[in-house]
Amino acid sequence: MDTNVRVNRRQFLGVSAVAGGGILLATYLEPLNAAETWAPEATDFEPNAFIKIAPDGSVTIIAKNPEIGQGVKTMLPMLIAEELDVDWKIVRVQQAGLDTDKYQGQTAGGSTATPNNWLPMRRVGAAARMMLVTAAAQTWSVPESECTTALGTVTHTGSGRKLTYGELTTKAATLTAPALDQVKLKDPKEFKIIGQRIPGVDNNSIVTGKPLFGIDVTLPGMLYATFVKSPVFAAKVASANLEEIQKEPGVRRAFVVEGGNDLFGLLGGVAIVADNWWAAISARKKLKVTWADHPTAQQSSTSFEAQSLALSKQAPQRTLRRDGDVDAALNSGKVVSAAYYYPFISHSPLEPQNCTAHYKDGKLEIWVPSQTPAAGRQLVARTLGMQEKDITIHLTRMGGGFGRRLYNDYMVEGAWIAKEMGVPVKLLWMREDDIQHDFYRPAGWHYLTGAVDSSGKLVAWRNHFVSFGEGERFASSAGIGAGEFPARFIPNFALQASVMPLGVPTGALRAPGSNGIAFATQTFIDELALAAGKDPAQFRIELLSNAPIVDPPPPNPQPGQGQPILFDGPRMRAVVELVVEKSGWGKTQLPKGTGMGIAFHFSHRGYFAEVVQATVSRAGQLKVDKVWVAGDVGSQIINPSNAENQVQGAVLDGIAEALSQEITIEAGQTRQTNFGNFRLLRMRQAPPIEVHWKISDVSPTGIGEPALPPVVPALCSAIYAATGKRIRSLPISKHDLKWT
Amino acid sequence: MKVSFKVNGKATTVDVAPDMPLLWVLRDVLDLKGTKYGCGVSQCGACTVHLRGVATRSCQVAASEAQGADITTIEGLSPNGTHPVQRAWQELDVPQCGYCQAGQIMTAAALLARNPKPSDAEIDTAMDRNICRCATYIRIRQAIHRAASLPAADSSPPPPPPGRSDTPLGLRS
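How each quantity is defined
Residues numbered from 1 in each chain as written. Chains lettered and ligands numbered in written order. Predicted model: local features only at pLDDT ≥ 70, side-chain atom pairs only at ≥ 80, totals over all residues. Helix = DSSP H or I, 4+ residues; strand = E, 2+ residues; numbered from the N terminus. Rg over C-alpha atoms; globule rule 2.2 N^0.38 Å. Buried ≥ 20, exposed ≤ 12 C-beta atoms within 10 Å, placed from the backbone. Contact = placed C-beta atoms within 7 Å. Expected span 1.5 Å × (residues − 1). Nonpolar A, V, L, I, M, F, W, Y, C, P; charged D, E, K, R; others polar. Pairing = 2+ DSSP bridges. Axes fitted to C-alpha atoms, helices over the stretch in contact; angles between N-to-C directions. Parallel < 35°, antiparallel > 145°, perpendicular 65-115°, else oblique. Left-handed = near helix turned anticlockwise from the far one by under 90°. Core = buried A, V, L, I, M, F, W, Y, C linked by C-beta atoms within 7 Å. pLDDT = per-residue confidence, 0-100.

1. Things to note about the overall build of chain A
When helices and strands are tallied, chain A shows 18 helices and 29 strands. Relative to the compact-globule value of 27 Å for 740 residues, chain A shows a C-alpha radius of gyration of 28 Å, a close match. Counting only C-alpha atoms, chain A reaches 80 × 70 × 50 Å along its principal axes. Per-residue burial over chain A gives 56% buried out of 740 residues. A separation threshold of at least 6 residues defines the contact pool for chain A, and within that pool the share at least 24 residues apart is 80%.

What follows is the structure, given as structure tokens:
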């Protein structure tokens, strides 16, 4: 981002009158400062926003980001409304369409909406408020400093005169907007909306069944499509009984889509387009496709396991980080070795993938539930040979994301089929399509060795991480960061990696990387605590109290690239201590068969420590009794109602993954088909979850993901405490937990 | 075939394939989008409606089986979204993504109709076939208890909920 661009952005700040009266404030913001950006999202420089104030005083705030259930459609407008100083009860929120010129970043991923928007969105509101104050001061010929605002009204303190924002719109529309670095933000002590329990803005529509989601889109003259792909990923259609299918009732057309080889792009298959979706599905039952041979048809979970074992016995292909002398330290201490494994799992958002599109006169209009609509538009443009400017994308609310809708395969399929048909088409996947054609959380193996010295101090750690990829490149979401904890906190440390090739689509699942890595590292830390003869919580506190190794700055930093965000020992220690206190850790005598486990993890800038209490019957029946959570996501919990909901949801998501979720690959294809064999959590499995916040002095960060990873190892350690059985592979349902 | 039934109190006749599930009759023929598709195999409960007064997975009911039935969907649960379950859901800010909630609400309303003060265990049993992928289960359980303590649905227009979104989809008719 060079300086010129930045200046242009500032100049763009402006106000205009809108049809029917009122003002519209369009604010083009400078990007976040480099120190606040971080690697994968560094290009998503946020943002800009709109406020519409009508002469009757009504306020409309545009929500720019896609809503997947993380609460962003409520949260971002809260930030604007707070600084605008209006009554939240009168605010109406409108979802923006995709417009990267206006809004720049419009993605849902990485728990980034809060850190990227905390100041920019507040500045948008504050700038509008300043202009309304100026308009009032000019009307009254008084200094602005004598004017205050509250609930959408400017008051002159001396005379008590009042003007509502609605009454000031005409005047405000003639003013020049202030530079955003000039606007004054509220002292957090003055917050009236931020920090309140604000219900989701779509709640009323949800509980009354209004159409909101991608699957609900209806266009006049719309047809319905199903798309059948090869169970072996990316295999092409050799032949299909299309003529027979086209004779089925209600079917308009059945055709082959050639497709390519990129697992993230348009793959080959058969499209069936019909008058209604049931007709398309009924015809699909009679479809006979011969799929071309494909080189990945031999891969299987069993073969991956065998390759991993072989790789673990060889010298690692790469060393990602090395500190001190691991070999020497391992020779001098009490050594523990263990292999940890976690399987592929599916995202399974409850709303199946869908895309409604209409191609007409060289232009394409799309309604789609996508976490990355801009990337989807690029994919569609590239695949269909169109210009991005000829593609309009409407963002719909999503029936869950969890990372699945970061990938736009269903969008390009829907666009392709609609272009073929020339009329509006809704493509809707079956649940089976979704489970069998996911971008799975990749499986991973951690071959761990550690040592504690005679005083019980953790002195050596080696992790040979076996994953998927080619050469120096990990498969999507199958990598590990060189700085991943416990890096820097152990004097003799090695993180090494080996990879094997993969022909299964993989991708980011809520707290990507972390959702598996935390299981392996934190459960292994429990094993080391045992070897050290120490309480698992105390052992962790001591580890976090070590002075971390200070790394040299990275060579040749790229302009605009921020420093990597480093794990902060004291912040984590504080949440560990808080969860110890709240859970009564070590203070309660638990009966045999009941145990507590503790774990922590840092991801997405959030610090979370969790304690699980679980009970295992003699027959091996597992019940999670309760979870205590302590989290530090900065100086402000913006919406406590949503924050607690997100944390509880993330914890239960982690419990679901740990208990029974597994995708297995056989003969190159996914064996699981639906919720009968890929099991989601049920209500009776949901324990009470206490959520406690540690308020720190750093700028607020995101909440959608970081509470998930610690619960998996905390649960596994609770099972150990209850039964003496150590869970080193997931899911837990594969283990016999019987005890005597 | 022609099938006649009552949906949300209104007599309706549709001409559909006899095996077309009620779910798709509601969604694609009658444009009642509140009832959701999640799995198609009676595993998730997103498609729950009241059929002859019983909470039923509409993905498993063929259109022909609905002949003559009284059907209530989320759109018809109350005149103004004021059924105690709908009010409790908003009061406790239950939804995350919201996709499963119509099914949850229909199952919860049927539970309260036959058991006005259910225990936690009775709630867990009744709600066992409704999946919430966001896992808002803790709040669903609380909201059912809350709904049990609220008076019945009100036919006067409800106050607008605080902070709300504009008209959702279905804008292009």
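Text resumes after the structure shown.
2. Re the overall build of chain B
Counting secondary structure elements, chain B contains five helices and six strands. Helices and strands in chain B line up, N terminus first, as β-β-α-β-β-β-α-α-α-α-β. Considering chain B as a whole, with its 173 residues, one finds that 55% of them fall into the buried category. In chain B, of all internal contacts separated by at least 6 residues, the share reaching a separation of at least 24 is 63%.

3. Observations regarding helix H17 (residues 640-660) of chain A
Over its 21 residues, H17(A) runs 30 Å from end to end, which matches the ideal 30 Å to within 8%, given 1.5 Å per residue. Most of H17(A) sits out of view: 17 of its 21 residues are buried.

4. Quick look at the environment of A:Leu427
Checked against the element boundaries, A:Leu427 lands in strand E19 (residues 425-428). Apart from the residues lying within four places of it in its own chain, the contact partners of A:Leu427 are A:Ala225, A:Phe227, A:Asn354, A:Cys355, A:Tyr410, A:Glu413, A:Gly414 and A:Ile417.

5. Quick look at the interface of chain B and chain A
If you look at the interface, chain B gives 56 residues, while chain A gives 65 residues. Of all elements in the fold, only helix H1 (22-29), helix H2 (84-91), helix H3 (101-114), helix H5 (137-148) and strand E6 (164-165) of chain B reach the threshold of two or more residues within the side of chain B that touches chain A. For the side of chain B that touches chain A, a count of residues per class yields 28 nonpolar, 15 polar and 13 charged. Examined bridge by bridge, strand E5 (residues 91-95) of chain A and E6(B) share two bridges and lie parallel to one another. Of the residues in E6(B), the one forming a bridge with A:Val93 is B:Ser165.

6. Observations concerning the sheet that holds strand E8 (residues 162-164) of chain A
All names here are of chain A. Strand order across the open sheet formed by three strands is E6-E7-E8, with antiparallel pairing between neighbours. The two strands at the open ends of the sheet, each matched to only one other strand, are strand E6 (147-150) and E8. Within this sheet the neighbouring strands show an average axis-to-axis angle of 25°, counted without direction. Where E6 and strand E7 (residues 153-156) come together, four bridges link them in antiparallel fashion. From the neighbouring strand, Thr 149 faces E7, where its bridge partner is Val 154. Relative to the sheet, helix H4 (residues 113-140) contacts E6, E7 and E8, its axis offset from that of E6 by approximately 130°. Here helix H5 (residues 165-172) sits on the sheet in contact with E7 and E8, set at roughly 80° to E8.

7. Here's the deal with unusual backbone geometry
Residue and element names in this part refer to chain A. Of note, the bond from Phe 485 into Pro 486 is cis; its omega dihedral lies within 30 degrees of zero at 10°. Its place among the elements puts Pro 486 in the loop between strand E22 (473-474) and strand E23 (492-500). At the junction of Leu 730 and Pro 731, the peptide bond is cis and its omega measures out at 0° in the coordinates. Of note, Pro 731 is situated in the segment after helix H18 (711-723). A positive phi is found at Ser 111, a non-glycine position, where the angle reads about 50°. When you line up the elements, Ser 111 lands in the loop between helix H3 (100-103) and H4. According to the C-beta neighbour criterion, Ser 111 is buried, with 25 such atoms within 10 Å.

8. Section: the environment of B:His83
All names here are of chain B. Tracing the backbone shows His 83 in the loop between strand E5 (70-72) and H2. The buried category is assigned to His 83, around which 24 C-beta atoms lie within 10 Å. Separated by 23 residues in the primary sequence, His 83 and Gln 60 place their C-alpha atoms 26 Å from one another.

9. Observations regarding the sheet that holds strand E9 (residues 223-229) of chain A
Within a sheet, each strand pairs with its neighbour through backbone hydrogen bonds, oriented either parallel or antiparallel. All names here are of chain A. Taken in spatial order, the seven strands make up an open sheet running E11-E12-E9-E19-E16-E17-E18, and their pairing is mixed. Both outer strands of the open sheet, strand E11 (251-257) and strand E18 (391-395), are each paired with one neighbouring strand and no more. Each strand of the sheet is rotated relative to its neighbour by a mean of 20°, with strand direction disregarded. Against the sheet, helix H11 (residues 373-384) touches strand E17 (363-368) and E18, its axis set at about 150° to E18.

10. Observations concerning the packing of helix H15 (residues 536-545) of chain A against helix H16 (residues 569-583) of chain A
All names here are of chain A. Between H15 and H16, the shortest axis-to-axis distance is 9 Å and the interhelical angle comes to 160°. The angle between H15 and H16 places the two elements in the roughly antiparallel class. Remark: the crossing between H15 and H16 carries left-handed chirality. Along the contact surface, H15 presents Ala 537, Arg 540, Ile 541, Leu 544 and Ser 545, while H16 presents Gly 569, Met 572, Arg 573, Val 576, Glu 577 and Val 580. Residues belonging to the contact of H15 with H16 are distributed by class as follows: six nonpolar, two polar and three charged.

11. A few points about the packing of H2(B) against H3(B)
Residue and element names in this part refer to chain B. Viewed as axis vectors pointing N to C, H2 and H3 meet at an angle of 130°, and their least axial separation amounts to 9 Å. Looking at the two axes, H2 sits oblique to H3. For the pair H2 and H3, the sense of crossing is right-handed. Between H2 and H3, the residues in contact are Val 85, Gln 86 and Trp 89 and Gln 101, Ile 105, Ala 108, Ala 109 and Leu 112, respectively.

12. Details of helix H2 (residues 72-84) of chain A
Because an α-helix packs 3.6 residues into every turn, residues spaced three or four apart end up facing the same way. All names here are of chain A. Given a rise of 1.5 Å per residue, 13 residues ought to cover 18 Å, and the 18 Å separating the end C-alpha atoms of H2 matches this to within 8%. H2 sits mainly inside the fold: 13 of its 13 residues count as buried. Directly beyond the C-terminal end of H2, a positive phi value near 65° is found at Asp 85.

13. A word on the nonpolar core
Grouped together as the largest cluster of nonpolar side chains are 278 residues, with contacts concentrated most on A:Ala225, A:Val629, A:Val651 and A:Leu715. Among all residues touching A:Val629, those that are not within four sequence positions of it are A:Val579, A:Phe608, A:Glu610, A:Val647, A:Val651, A:Ile689, A:Glu690, A:Val691, A:His692 and A:Ala707.

14. Here's the deal with the confidence of the model for chain A
Residue and element names in this part refer to chain A. Averaged over chain A, the pLDDT score is 92; the fraction of residues at 70 or greater is 92%. Contacts for the low-pLDDT stretch residues 1-14, under 50 throughout, to residues beyond four places or in other chains number 20 contacts. Within the model, the stretch residues 26-48 combines pLDDT values under 50 with 67 contacts to residues more than four positions away or in other chains.

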